[in-house]
Amino acid sequence: MLRRQDALSFPWADVPAPGEAREVAPGILWARLPLPFLLNHVNVWLIEEDNGWTVIDTGCVTPDIITTWSRLLAGPMRGLPVVRVIATHGHVDHIGLTGWMVERFDADFLGTFAEWVWARISHTRDVPGSSPAHETYLARNGFDDAAVAQQVSTRHRFMDLATPLPGWISEIRDGEVVEFGGRSWDVIVTRGHAFEHASFYDPVGKVLIAGDHLLPKISPAIAVYEMMPKGDPLGDYLASFPQFDCVADDALLLPSHGSPYVGIRTRIGELREHHRRRLDDTAAFLRKPRNAADLARKMFPHVEGPENTGFALGETLAHVNYLVRRGIVADNSPAGPSATYQTIG
Ligand SMILES: [Zn+2]
């Protein structure tokens, strides 16, 4: 149980309406784009420069988001150009319109190498080998033919939410310092939610642009994907937390979903505890051997729809793979076409 003084605080009670922006730190504007998913919005950060704007993340391709950008550009951004676009990571709700924006303004494009490559592969149809890998992964984890076909077509719909990324990138790396908005930002690159997710910390102004890595109300998706079916994103995620030891406990966190908040140590503690409980549940459900689809239905009993079923499977496997790697759960057929898992002992 958290003590009362350990609660997160939210300095801004109401969110900006679509097309409006609110200053949350000197020169940093918060704007919100509507998303066509259960998670119905993504935050973007507009950072004032002498000659225009740095934009952190861009949303994806929908008529509502294009309209929102037109209103932001003409309104709070005062018709000034975007000089730099920064991607926190390659998920489509963050990077889907980045290609469009970089081309429109001939802007610089900053991001991590792995996320640029990942996004170029993941948001493109007909990359050789992609669909067979996806089908094999789903079938191995207990999806029948109809469910596999549904998942693959859902993935294709996601691909249509992205514009092509530039064929080049201004690469940023962990530990570097980048300058934008008159501030010096420490780049913190983490794995777990994505392969090379970038956060940006200004230690003088005590502001952390946190992307999806540290969200205030929901646990970021920590999921296995077919590209790396035996990967350990949860191990990576839990190992990432010390990378934020440099962040002051009273720093303002700017997350991609939800509202700006204060209380990084408390939030990291909550996220650790959440996954510890989910790992305990996973090991308990696997006292009886199950495939991952069956386990996902136990772990996420209220999840419906193909898009969310895919996320539930990925998140479930993240917990399973974590336990398999640490010798707590066995993969009964590690090289076979169908997998069942069971807690050892
Ligand atoms: Zn994400």
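Above this note sits the structure.
Residues numbered from 1 in each chain as written. Predicted model: local features only at pLDDT ≥ 70, side-chain atom pairs only at ≥ 80, totals over all residues. Heavy atoms only, no water.

## Description of the coordination of the zinc ion
Line of reasoning, step 1. Surrounding the zinc ion are the protein donor atoms His89 (NE2), His91 (ND1), His193 (NE2) and Asp212 (OD), which sit 2.1 to 2.2 Å from the metal.
Line of reasoning, step 2. One way to put it: the four donor atoms around the zinc ion meet at angles of 90 to 171°, and that makes the site irregular.
Line of reasoning, step 3. The sequence pattern formed by the donor residues of the zinc ion is H-x1-H-x101-H-x18-D. Taken as a pair, His89 in the loop between strand 5 (82-86) and helix 2 (92-95) and Asp212 in the loop between strand 11 (207-211) and helix 7 (233-240) lie far apart in primary sequence, 123 residues in all. (Donors = N, O, S within 2.8 Å, 3.2 Å for Na, K, Ca; no water. Tetrahedral: all angles 85-135°; square planar, octahedral: opposite > 155°, others 65-115°. Helix = DSSP H or I, 4+ residues; strand = E, 2+ residues; numbered from the N terminus.)

## Brief notes about the side chain of Ser256
Line of reasoning, step 1. Within the element layout of this structure, Ser256 appears in the loop between strand 12 (252-255) and strand 13 (261-262).
Line of reasoning, step 2. Residue classification places Ser256 among the buried residues on the basis of a relative accessible area of 1%.
Line of reasoning, step 3. Excluding residues that lie within four positions of it along the chain, Ser256 makes contacts with Val42, Asn43, Asp57, His94, Gly211, Asp212 and Leu215. (Buried < 20%, exposed > 50% of the residue type's maximum accessible area, 1.4 Å probe, protein only. Contact = heavy atoms within 4.5 Å.)

## Some words on helix 7
Line of reasoning, step 1. Where burial is concerned, most of helix 7 is hidden: six out of the eight residues are buried.
Line of reasoning, step 2. Buried within helix 7 we find Pro233, Leu234, Gly235, Tyr237, Leu238 and Ser240.
Line of reasoning, step 3. Check the buried side of helix 7 and you find it contacts strand 9 (183-190), helix 8 (264-285) and helix 10 (306-325).

## Looking at the nonpolar core
Line of reasoning, step 1. Counting residues in hydrophobic clusters, the biggest one holds 42 residues, and the most contacted among them are Leu208, Leu214, Phe244, Val247, Ile264, Leu317 and Tyr341.
Line of reasoning, step 2. Taken together, the elements giving at least two residues each to this core come down to helix 5 (130-140), helix 6 (145-159), strand 11, helix 7, helix 8, helix 9 (292-299) and helix 10.
Line of reasoning, step 3. Counting residues per element, this core draws most heavily on helix 10, at six residues.
Line of reasoning, step 4. In this structure Val247 touches Ile188, Tyr201, Leu208, Ile264 and Arg265, once residues within four positions along its chain are discounted. (Core = buried A, V, L, I, M, F, W, Y, C linked by side-chain atoms within 4.5 Å.)

## Examining the packing of aromatic side chains
Line of reasoning, step 1. In total, this model carries nine aromatic pairs according to the counting rule given.
Line of reasoning, step 2. Measuring from centroid to centroid gives 5.8 Å for Phe113 and Trp116, while their planes differ by 50°, and the two rings are tilted. Within this pair, Phe113 and its partner Trp116 are both found in helix 4 (residues 113-122), separated by three residues, close to a single helical turn.
Line of reasoning, step 3. In this structure Trp116 comes out as buried when scored by relative accessible area, which is 13%.
Line of reasoning, step 4. Cluster of aromatic residues (ring-pair linked, three or more members): Phe180, Trp185 and Phe200.
Line of reasoning, step 5. In this arrangement the basic side chain of Arg326 is found over the ring face of Tyr322, its NZ or CZ atom lying 3.7 Å from the centre. (Phe/Tyr/Trp six-rings, centres within 6.5 Å; stacked < 30°, edge-to-face > 60°. Lys NZ or Arg CZ within 6 Å of the ring centre and 35° of its normal.)

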